[in-house]
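The residues making up each chain are set out below.
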Amino acid sequence: MLDGIMTGLTTAVMPFNLLMVVVGCFAGTFIGMLPGLGPISAVALMIPITYGLDPSSGIILMAGVYYGAVFGGSTSSILINAPGCASTVVTSFDGYPLAQQKQAGKALALAAYSSFTGGTIGAIVLLFAAPALASVSLSFQSSDYFALMILGLTAVAAFSGKGQVIKALIMTVFGLMIATVGTDVTSGTTRFTFGSVDLIDGISFLLLAMATFALTEVVMTILKGQHKEEEEQIDMSQLGSMKLSKEEIKQVAPTIGRSSVFGFLVGILPGAGATIASFLAYGLERNLASAKEKLKFGKGSLRGLAAPESANNAASTGSFVPLLTLGIPGSGTTAIMLGALIAYGIQPGPRLFLDNPDVFWSVIISMYFGNLVLLILNLPLIPYISRLLVIPRPILIPLILFFSITGVYLVSFNTFDIHMMALITVIAIFLKLLEFPMAPMLLGFILGGLMENNLSRALTISDGSFAFLWERPLTLSIVVVAVVVLLLPPLIDLYRSKKKPSTEVRGPETAITEGEG
């Protein structure tokens, strides 16, 4: 192992490979900032360029583009509420409110620090534990994945405001329903396509995310008449300081640490990826927050911003575990990278770090350099990136529309997706006017397909019996945790409601006794 690490270090620090890290991070960050063009598009654009490079340099370049795009995707989420990629949708929940409160500089700086820490922790763990983590990943069966998805759905309360749990549950079910559109993977039959060939593959998550956030935000701005307001002359001082106080650092440091480790662990599970990691980390953090802190989530919470940013970057690093050690892509982006490795004549799998140690270890070591490069590149650019807020709304709104529609079209090159996006936007506006939260719908949509597929497999293995939920200790443990997470918040609220009246009753009695004494 030490020989392999030294081989990888020697390969990674070659001047040309270091240049590839810088180029990849810069290109990925820039592409990631454009709404709709996520890491998949960014890595796909790099494939023709990598054909003339040796395998190590080519994969290092694509890896740099990957986590650069995830890193940069937070910028458009924070500044204009148009997620750069699917994994930064959650970033907009608290990042955009912070920008509206003239704290864009602080939000971007915190996102940069969180992303760097998450990526670095992921790279260090990956360096020392990749072979061992592969066996852990292999031990997960369909029943475990199904239980994990149930645990993910219990985080729905994290995406609902006070008194909106029922609305959040309705939207989660709506998301699960949308996830059933398309072809059933188990039987191969089409469902809810209404005879349309364009719906056979289902509805894309990017389309749903851009419609419910970017386009809906634009239309809501127009409906409120804010697009006609005279633009104020915004100077840099109004964008807020980039510095975090000692109290704020103490507040977010445990969040970043927890979310980084959690995101990495989710990332190593094949098929999970950075998007699910960011949603689950946000839900976990809100459930751990105090009652007072919970009220800040969705309104500009620093913990609510730090959690998904740490988790998605750590998960991006973690997704290389199944790719390099098992030959299984952990996400859509790593699936493209799997194709690139095979094109190079390299077969990812258990023997990769023995047969091609230069590729295996150099990619892992380059991740640390990449995260360092991203931090150095992005922090000085924050004051200039923040000037996006100065762009007059009559110019900014058409730009958001253009990038959103173009980003969705470039994924499928199908005009049907544009029409579908417009329809979903209309529905989303109607629901938003009725104060239904959009995030639970996205959570239900993401987990719906994975839940259904793993439930089908688990039922097939157990001959149609639901006994699989308690037959394996790991599955049972996850289900128990899910039940606890689901029941704990209402039980705590019930306990507080019972305690509060009794305190109010005792107060006057005590006062009377003291007066008589």
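Higher on the page you've got the structure.
Attention in this report is confined to the structure presented alongside it. Please read all numbers here as calculations on a predicted model, not as lab measurements. (Residues numbered from 1 in each chain as written. Predicted model: local features only at pLDDT ≥ 70, side-chain atom pairs only at ≥ 80, totals over all residues. Heavy atoms only, no water.)

## Some remarks on the overall build of the protein chain
Per the secondary structure count, the protein chain includes 22 helices and two strands. Across the 517 residues that make up the protein chain, the buried fraction comes to 52%. Contacts spanning at least 24 positions in sequence make up 78% of the contacts within the protein chain whose residues lie at least 6 apart. By element, 69% of the accessible surface of the protein chain is carried by carbon and sulfur atoms, the whole surface being about 22,900 Å². (Helix = DSSP H or I, 4+ residues; strand = E, 2+ residues; numbered from the N terminus. Buried < 20%, exposed > 50% of the residue type's maximum accessible area, 1.4 Å probe, protein only. Contact = heavy atoms within 4.5 Å. Areas by Shrake-Rupley, 256 points an atom, 1.4 Å probe, with all protein chains shown as cover.)

## Some words on empty space enclosed by the protein
Summed over all chains, the structure comprises two cavities of 30 Å³ or more. In this model, the largest cavity occupies a volume close to 80 Å³. Taken together, 10 residues make up the lining of the largest cavity; nearest its centre are Phe 71, Ser 74, Thr 75, Leu 108 and Asn 378. When residues of the lining of the largest cavity are traced back to their parent elements, those giving at least two are helix 4 (55–80), helix 6 (104–139) and helix 17 (357–385). Per element, the largest residue contribution to the lining of the largest cavity is four residues, and it comes from helix 6. Each residue belonging to the lining of the largest cavity can be placed in one class, and the counts come to six nonpolar, four polar and no charged. (1 Å grid on protein atoms, 1.4 Å probe; cavity = no way out; pocket = protein on both sides within 12 Å on 5 of 7 lines; lining within 4 Å. Points joined across faces, edges and corners; volume = space filled by probe spheres on them. Nonpolar A, V, L, I, M, F, W, Y, C, P; charged D, E, K, R; others polar.)

## Quick look at the packing of aromatic side chains
Scanning the entire structure with this criterion turns up four aromatic pairs. Where Phe 93 meets Phe 279, the ring centres are 6.4 Å apart and the plane angle is 80°; that geometry is what we call edge-to-face. With Phe 93 in helix 5 (residues 91–100) and Phe 279 in helix 11 (residues 273–288), this residue pair connects regions lying 186 residues apart in the sequence. Judged by its relative accessible area of 12%, Phe 93 falls in the buried class. On the accessibility criterion, Phe 279 (1% relative accessible area) is buried. Taken together, a centroid distance of 5.6 Å and an interplanar angle of 80° make the contact between Phe 93 and Tyr 282 edge-to-face. Separated by 189 residues along the polypeptide, Phe 93 in helix 5 and Tyr 282 in helix 11 bring together distant segments of the chain. When its relative accessible area of 1% is taken as the criterion, Tyr 282 is described as buried. An aromatic cluster of three or more residues is present, and its members are Phe 93, Phe 279, Tyr 282 and Phe 297. (Phe/Tyr/Trp six-rings, centres within 6.5 Å; stacked < 30°, edge-to-face > 60°.)

## Here we look at helix 2 (residues 15–33)
Because an α-helix completes one turn every 3.6 residues, residues spaced three or four positions apart along the sequence face the same direction. Taking 1.5 Å of rise per residue, the 19 residues of helix 2 would be expected to cover 27 Å, and the 27 Å separating its terminal C-alpha atoms lies within 8% of that figure. The set of residues buried in helix 2 consists of Asn 17, Met 20, Val 21, Gly 24, Cys 25, Ala 27, Gly 28, Thr 29, Ile 31 and Gly 32. (Expected span 1.5 Å × (residues − 1).)

## Structural notes on the environment of Phe 194
Along the chain, the position of Phe 194 falls in the loop between strand 2 (190–191) and helix 9 (205–223). A relative accessible area of 77% means that Phe 194 is categorised as exposed. The spacing of Phe 194 and Val 181 is 13 residues in sequence and 9.7 Å in space, taken between C-alpha atoms.

## Observations regarding a nonpolar patch on the surface
A surface patch of nonpolar side chains, about 490 Å² in accessible area, is lined by Phe 466, Trp 470, Leu 476, Val 480 and Val 484. At three residues, the largest contribution of residues to the nonpolar patch is made by helix 22 (residues 473–516). You can see Val 480 is positioned in helix 22. For Val 480, a relative accessible area of 44% translates into the label partly exposed. (Patch = residues over 30% accessible without salt bridge, like charges linked within 9 Å, V, L, I, M, F, W, Y side chains within 5 Å. Salt bridge = Lys/Arg side-chain N within 4 Å of Asp/Glu carboxyl O.)

## Details of the environment of Val 89
Summarising the element assignment, Val 89 is placed in the loop between helix 4 and helix 5. Spatially, the C-alpha atom of Val 89 lies 8.1 Å from that of Thr 275, the residues being 186 residues apart in sequence.

## Quick notes on the pattern of salt bridges
Enumeration according to the criterion identifies five salt bridges in this entry. A salt bridge links Arg 258 to Glu 285, with the nearest nitrogen and oxygen atoms 2.6 Å apart. Here Glu 285 lies in helix 11 and Arg 258 lies in helix 10 (residues 246–267), a separation of 27 residues in the sequence. Look at Arg 258 and you get partly exposed, because its relative accessible area is 33%.

## Concerning the environment of Val 484
Structurally, Val 484 is set in helix 22. The spatial distance from the C-alpha of Val 484 to the C-alpha of Leu 151 is 9.7 Å, given a sequence separation of 333 residues.

## Points about the packing of helix 5 against helix 13 (residues 302–318)
The interhelical angle for the contact between helix 5 and helix 13, taken along N-to-C directions, is 135°, at an axis separation of 8 Å. When the axes of helix 5 and helix 13 are compared, the pair comes out oblique. In terms of crossing hand, the pair formed by helix 5 and helix 13 is left-handed. Counted together, Thr 91, Asp 94, Gly 95 and Leu 98 of helix 5 and Leu 302, Gly 304, Leu 305, Pro 308, Glu 309 and Asn 312 of helix 13 form the full contact between these two elements. Tallied by class, the residues present in the contact of helix 5 with helix 13 amount to four nonpolar, four polar and two charged. (Axes fitted to C-alpha atoms, helices over the stretch in contact; angles between N-to-C directions. Parallel < 35°, antiparallel > 145°, perpendicular 65-115°, else oblique. Left-handed = near helix turned anticlockwise from the far one by under 90°.)

## A word on the packing of helix 11 against helix 13
As a packed pair, helix 11 and helix 13 sit with axes 8 Å apart at the nearest point and diverge in direction by 145°. Crossing handedness for the pair helix 11 and helix 13: right-handed. The residues of helix 13 that touch helix 11, namely those facing Gly 273, Ala 274, Ala 277, Ser 278, Ala 281, Tyr 282, Glu 285 and Leu 288, are Arg 303, Gly 304, Ala 307, Pro 308, Ala 311, Asn 312, Ala 315 and Ser 316. The residue makeup of the contact of helix 11 with helix 13, split by class, is nine nonpolar, five polar and two charged.

## Details of helix 11
Over its 16 residues, helix 11 runs 23 Å from end to end, which matches the ideal 22 Å to within 8%, given 1.5 Å per residue. Extensive coverage of helix 11 is indicated by the burial of 13 of its 16 residues.

## Quick word on unusual backbone geometry
In most cases, non-glycine residues show a negative phi, while peptide bonds are predominantly trans. Its identity is not glycine, yet Phe 192 carries a phi of approximately 55°, on the positive side. Among the structural elements, Phe 192 can be located in the loop between strand 2 and helix 9.

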